[in-house]
Amino acid sequence: MGDLAVGARSGHEGPEERPARSEESVPPAGEDAVPPGDDSGDDNGGQERDSDGPAPAPKKPRSFWKELPLLIGIALVLALLIKSFLVQAFSIPSDSMQNTLQQGDRVLVDKLTPWFGSEPERGEVVVFNDPDKWLAGEPTPNPNAIQTALSWIGLMPSSEEKDLIKRVIGVGGDTVECKGTGPLKVNGKALNEPYVYPGNTPCTMDDAGGQFKVKVPEGKIWVMGDHRQNSLDSRYHQQDKHQGFVPVDNAVGRAIVVAWPPTRWSTLPVPDTFDQNLSAAAPGALGLAGAVPLVLWRRRRLTVGNTRVSGSRTAG
């Protein structure tokens, strides 16, 4: 878009030529004589002058370069609002989520639903703040000025934020278990995990945390990487202050789309294996289930006893 130059026109194509007037055409001076150019004697003179005079010049539009700072300001405000409340871009720094995510991928994270009370669910890929020095010893990137500006408005991840990305395996109340090489179990039900990195086993045979059975506290989640033999996830932080669990409040949001590079564009749905009924039975429900047969048995005994007593009375 270039500048638009608009010039005011005088209403004439060239210099105005007035015809010479003879002396006979000049009215004699007198009381009733109206001086040339004086319209005071004409009741409609003012109106005629307004209507017959040249139209005002059109207002010159503001230059694009003058409007550019305003446009940039509006764009920055919108970007900050989107980053804070809607979606934010994050970069994948490691191979712990292969092959679902590759190092260098850019994902878009949904930050809107947590504002409405939504919490991470099983099978979701989530970004979360470092719970307790999980990234200790990791090199801190040194971004240039452009990268810093882009991260500030949400177009690039911030180098100062200590964030991780993993898959949610268990939520509050779940029991998650790994024995041998697997399968991984949630509340006693085995998961079918086609997203696990090819050549990996669902569970890792080691003494550092690969073999475990944990119950997830309320308000926490248990997370694991898809590259099971190359992910320092909840399994290997069971000695920290959260025992490897991630507080729900640390969750930034759910990764929903691989947005970059274009050849890697894809959505990140919840795998089908998490559609099975994995919910843990609540202790109250278990107690009720155990109490029902006992109550029925007692009622049966009382009924049978009352029948016998009634019959004896009738007979006697």
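### Some words on the state of the cysteines
For the coordinates displayed, the defined rule picks out one disulfide. Residue pairing for Cys178: its cysteine sulfur links by disulfide to Cys203, the two sulfurs lying 1.9 Å apart. The S-S bond linking Cys178 to Cys203 shows a torsion near -80°; that makes this disulfide left-handed. With Cys178 in strand β5 (residues 175–178) and Cys203 in the loop between β7 (189–190) and β8 (212–215), this pair connects stretches of sequence that are 25 residues apart. No difference in accessibility class separates Cys178 from Cys203, as the two residues are buried.

### A short note on the nonpolar core
Ranked by internal contacts, the top residues of the largest apolar core, which has 17 residues, are Ile169, Val176, Leu184, Leu191, Phe212 and Trp222. Of all the secondary-structure elements, those providing two or more residues to this core are β5, β8 and β9 (220–224). Ile169 has contacts with Arg122, Val176, Leu184, Val186, Leu191, Glu193, Tyr195, Trp222, Val223, Met224, Arg228 and Phe274, leaving out every residue within four places of it along the chain. Core analysis: the second largest hydrophobic core is formed by 13 residues, Ile92, Leu101, Val109 and Val252 among them.

### Topic: the confidence of the model for the protein
Taken residue by residue, the protein gives an average pLDDT of 75. The fraction at 70 or more is 62%. Every residue in residues 1–49 scores below 50 in pLDDT, and together they form 14 contacts with partners more than four places removed in sequence or on other chains. For residues 302–316, every residue scores under 50 in pLDDT, and the model assigns this stretch zero contacts once sequence neighbours within four places are set aside.

### Here we look at the layout of surface pockets
Considered as a void within the structure, the second largest pocket measures approximately 330 Å³ in volume. What lines the second largest pocket is a set of 19 residues, and nearest its centre among them are Pro114, Ser118, Ala251, Val252 and Gly253. Its residues assigned to classes, the lining of the second largest pocket comprises eight nonpolar, five polar and six charged.

### Overview of the pattern of salt bridges
Enumeration according to the criterion identifies seven salt bridges in this entry. In this structure, the salt-bridge partner of Arg254 is Glu124, at a minimum N-O distance of 3.8 Å. Of the two residues, Arg254 is situated in strand β11 (residues 251–260) and Glu124 in the loop between β2 (106–110) and β3 (125–129); the sequence distance between them amounts to 130 residues. With a closest N to O distance of 2.8 Å, Asp226 and Arg167 form a salt bridge. Here Asp226 is found in the loop between β9 and β10 (246–247), whereas its partner Arg167 is found in strand β4 (residues 163–171), with 59 residues between them in sequence. Classification of Asp226 as buried rests on a relative accessible area of 0%. Its relative accessible area of 3% is what places Arg167 among the buried residues.

Thresholds, definitions, all that
Residues numbered from 1 in each chain as written. Predicted model: local features only at pLDDT ≥ 70, side-chain atom pairs only at ≥ 80, totals over all residues. Heavy atoms only, no water. Disulfide = S-S within 2.5 Å. Helix = DSSP H or I, 4+ residues; strand = E, 2+ residues; numbered from the N terminus. Buried < 20%, exposed > 50% of the residue type's maximum accessible area, 1.4 Å probe, protein only. Core = buried A, V, L, I, M, F, W, Y, C linked by side-chain atoms within 4.5 Å. Contact = heavy atoms within 4.5 Å. pLDDT = per-residue confidence, 0-100. 1 Å grid on protein atoms, 1.4 Å probe; cavity = no way out; pocket = protein on both sides within 12 Å on 5 of 7 lines; lining within 4 Å. Points joined across faces, edges and corners; volume = space filled by probe spheres on them. Nonpolar A, V, L, I, M, F, W, Y, C, P; charged D, E, K, R; others polar. Salt bridge = Lys/Arg side-chain N within 4 Å of Asp/Glu carboxyl O.

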